Each structure stands twice: as C-alpha cells, then as structure tokens.
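# Coordinate inspection notes
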Amino acid sequence: MIEVNSQYNVAKAGSLPVRLASYQRRRMYDVFLADMGLPDESATLLDVGATSDRSYATSNYVEAWYPHKHRITACGVDDAGFLTVLYPGMTFKHADATRLPFADQSFDVVHSSAVLEHVGSFENQVRMMAECARVCRRGFFITTPNRWFPVEFHTVLPFVHWLPKPAFRNLMRKTGRGFFAEESNLNLMGGAELRRAATLAGIEGQLNVTLSSVSLLGWPSNLLLAGKVR
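Residue positions are given per chain, counted from 1 along the sequence in the order it is written. Since the coordinates come from a predicted model, pLDDT governs what is reported: local features require at least 70, and pairs of side-chain atoms require 80 or more to be given and counted, while whole-chain, interface and lining totals use all residues. Where side-chain values are given, they derive from all heavy atoms of the structure, hydrogens and water being excluded.

## Some remarks on the packing of aromatic side chains
In this description, an aromatic ring pair is defined by two values, namely the gap between the centres and the angle between the planes. Put simply, the rule is: Stacked, edge-to-face and tilted labels apply to pairs of Phe, Tyr and Trp rings (six-membered ring for Trp) whose centres lie within 6.5 Å, assigned for plane angles under 30 degrees, over 60, and everything in between, in that order. Runs of E in the DSSP output that reach at least two residues are strands. Runs of H or I that reach at least four are helices, and both are numbered from the N terminus. Here's how the labels work: a residue is buried when its accessible area is under 20% of the maximum for its type, exposed when over 50%, partly exposed in between, all with a 1.4 Å probe on protein chains only. To sit over a ring, a charge needs its Lys NZ or Arg CZ within 6 Å of the ring centre and within 35 degrees of the ring normal.
All told, the structure shown has twelve aromatic pairs when counted by the stated rule. Summarising the aromatic geometry, the rings of Y61 and W65 are spaced 5.2 Å apart at their centres and angled 40° between planes, so their arrangement reads as tilted. With Y61 and W65 both in helix α2 (residues 61–65) and four residues apart, the pair spans about one turn of that helix. Look at Y61 and you get buried, because its relative accessible area is 4%. Judged by its relative accessible area of 24%, W65 falls in the partly exposed class. Three or more aromatic residues link up through ring pairs in this structure, and these residues are Y29, F32, Y61, W65 and F141. Above the ring of F82, the side-chain terminus of R54 is found at 3.8 Å from the ring centroid.

Structure (structure tokens):
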C-alpha cells in the first residue's frame, strides 16, 4: 500500500513535485491577495481546510505568510491546533467544510486551497462552495488542481486521472493506491465541473464569480474560483 501523508500526497518533502507545488502556491497566494484587496488589517480572514501536515514547508501557507495573524481563523477536520502556537493571535476551529459552524457573513474574506477535491461527492463540492459564499462578506477564493493537467499532483502519476473516474478508481485499487480510489479522499475537477458546481451552489446570484488559473510549463495546473461582492 502506498503511504499517503496528511496533505493527501505521496511525494516526499523536498522532492521536485513538492518544490513545484510550493512555487505554484506562492503564485496562487499572490493572486488571492490581489483579487481580495489584501493584506488589510481591518479584514477578517477564514481559511477553510487547515491541515495537520508539517512535512511540507508550504502546508497552511496562508497562516504562515499572511501578516495579520490576529485576523485569521483557520478551520478543518484535521487537528491543526498547533497553528495557534506557531502563529500567535490566530484562531483554529474544528469544522467540516460542507457545514461551516459560522453565521452568515461572519468573515470579510474566505480562502480555501486544495480542499475542494477532498470533500467527496460532487454534491459535497457544491455544498462547500455554497458555504464559503454564505460566510463571507466581501468575497471568497477557492483553489483546486486542474484535472486536465497531465500529471496528477497527489499520486504524481501522469495521464491516468484522465480516465473516466470509475476506471481511474479501479486502477488505483489494483495498483495499491486504494486511498485515492475513494471519492471521499480524491475527486478531481476540471473547469467545466467547477463552473457547474458554482452555478448549482447559487453563488453567481450572490457574487461576481470569475474562474482563472495558474499554469506550469504553459498548461493550467490549478484552477482559481473567486467570488466578490458586486
């Protein structure tokens, strides 16, 4: 059985795939700041999907890089309470991304990176989007790997994730990668699916929604869904 870390990833810390992913995360973080008009010391920030992983330098990168720690609330199903020790002033709360335990418009900005593909079914992905939109006042920013990038980031395998999803999951089981065969652990999305989920979540009726990407070697590697108050 392939060993999977708390980032739902098999790549070793310091490996080329992890270094490339870290480079992309910095680029996505810069887009996030620009899109949401941050940093802003008056703005409250919710980061959905904090991880317990400490092996990658860019795990929980918003908590690490955002300057106004006292304005950050992080939440997730992992035990990431250690973040409040690493970054004094911030708050951590256990929470399911599809059922956020916060009132409507509790935070100015909601951020979530590489979580959407791990919440399970397409219906759960729609619920997560709707929840992120519900609890924000100014906007939300959600990233997810592009299913149609040639290399699948979590398994570090080329092309197999382009198979129909049942065939991909069957292959994962047969090759000792049963973790990735479970929809609850990995459900990749392309741009069309992301747009359809946003429509079903009712987000476009509430916010001005844009879909963009960051590319690697000229190919869109990560999709960025942003919603901002009209």
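## Quick notes on the side chain of H161
What counts is decided by this rule: Side-chain atoms alone can form a polar contact between residues adjacent in sequence; in general such a contact is a pair of N or O atoms within 3.5 Å, and within protein one must be able to donate a hydrogen while the other accepts it. In this description, contact between two residues means that some pair of their heavy atoms is separated by no more than 4.5 Å.
With respect to the helices, strands and loops of the structure, H161 is situated in the loop between β7 (157–158) and α5 (165–174). At a separation of 3.5 Å, a polar atom in the side chain of H161 contacts the side chain of W162. Residues within four places of H161 in sequence aside, it is in contact with R147, F149, P150, V151, E152, F168 and L188.

## Some details on the nonpolar core
The following threshold applies: Here, the term nonpolar core denotes a set of buried Ala, Val, Leu, Ile, Met, Phe, Trp, Tyr and Cys residues that are joined through side-chain atoms within 4.5 Å.
Grouped together as the largest cluster of nonpolar side chains are 31 residues, with contacts concentrated most on L46, V48, V110, M128, M129 and F140. Every element with two or more residues in this core is listed here: β1 (45–48), β4 (107–113), α4 (122–134), β5 (136–145), α7 (191–200) and β9 (219–229). The element contributing the most residues to this core is α4, with six residues. The residues touching V110, leaving out its near neighbours within four places in the chain, are L46, V48, C132, V135, C136, G139, F140 and F141. Within the second largest apolar cluster, 25 residues are counted, among which are M28, M36, F82 and V109.

## Here's the deal with unusual backbone geometry
For residues that are not glycine, phi is negative in most cases, and the peptide bond is trans in most cases. With an omega of 0°, the peptide bond between L38 and P39 qualifies as cis. For P39, the location among the structural elements is in the loop between α1 (16–36) and β1. For A114, which is not glycine, the phi torsion reads 55° and is therefore positive. You can see A114 is positioned in the loop between β4 and α4. Relative accessible area serves as the criterion here: at 25%, A114 is assigned to the partly exposed category. A positive phi angle, near 55°, is found at L217, a position not held by glycine.

## Remarks on the packing of α4 against α7
The line we're drawing: Orientation is described by lines fitted to C-alpha atoms, with helices fitted over the stretch in contact, and by angles between N-to-C directions that extend from 0 to 180 degrees. Orientation categories follow fixed angle ranges, with anything under 35 degrees roughly parallel, anything over 145 roughly antiparallel, 65 to 115 roughly perpendicular, and all other angles oblique. By definition, any crossing whose near helix is turned counterclockwise from its far helix by less than a right angle is left-handed, and any crossing with a clockwise turn is right-handed. Throughout, the ten residues Ala, Val, Leu, Ile, Met, Phe, Trp, Tyr, Cys and Pro are labelled nonpolar, Asp, Glu, Lys and Arg are labelled charged, and all others, Gly among them, are labelled polar.
Orientation of α4 relative to α7, taken along the N-to-C sense of each, is 60°, at an axis distance of 8 Å. The angle between α4 and α7 places the two elements in the oblique class. For the element pair α4 and α7, the recorded crossing hand is right-handed. Contacts between α4 and α7 involve F122, V126 and M129 from the former and E193, L194, R196, A197, A198 and L200 from the latter. Broken down by class, the residue content of the contact of α4 with α7 amounts to seven nonpolar, no polar and two charged.

Shape descriptors only; they carry no functional weight alone.
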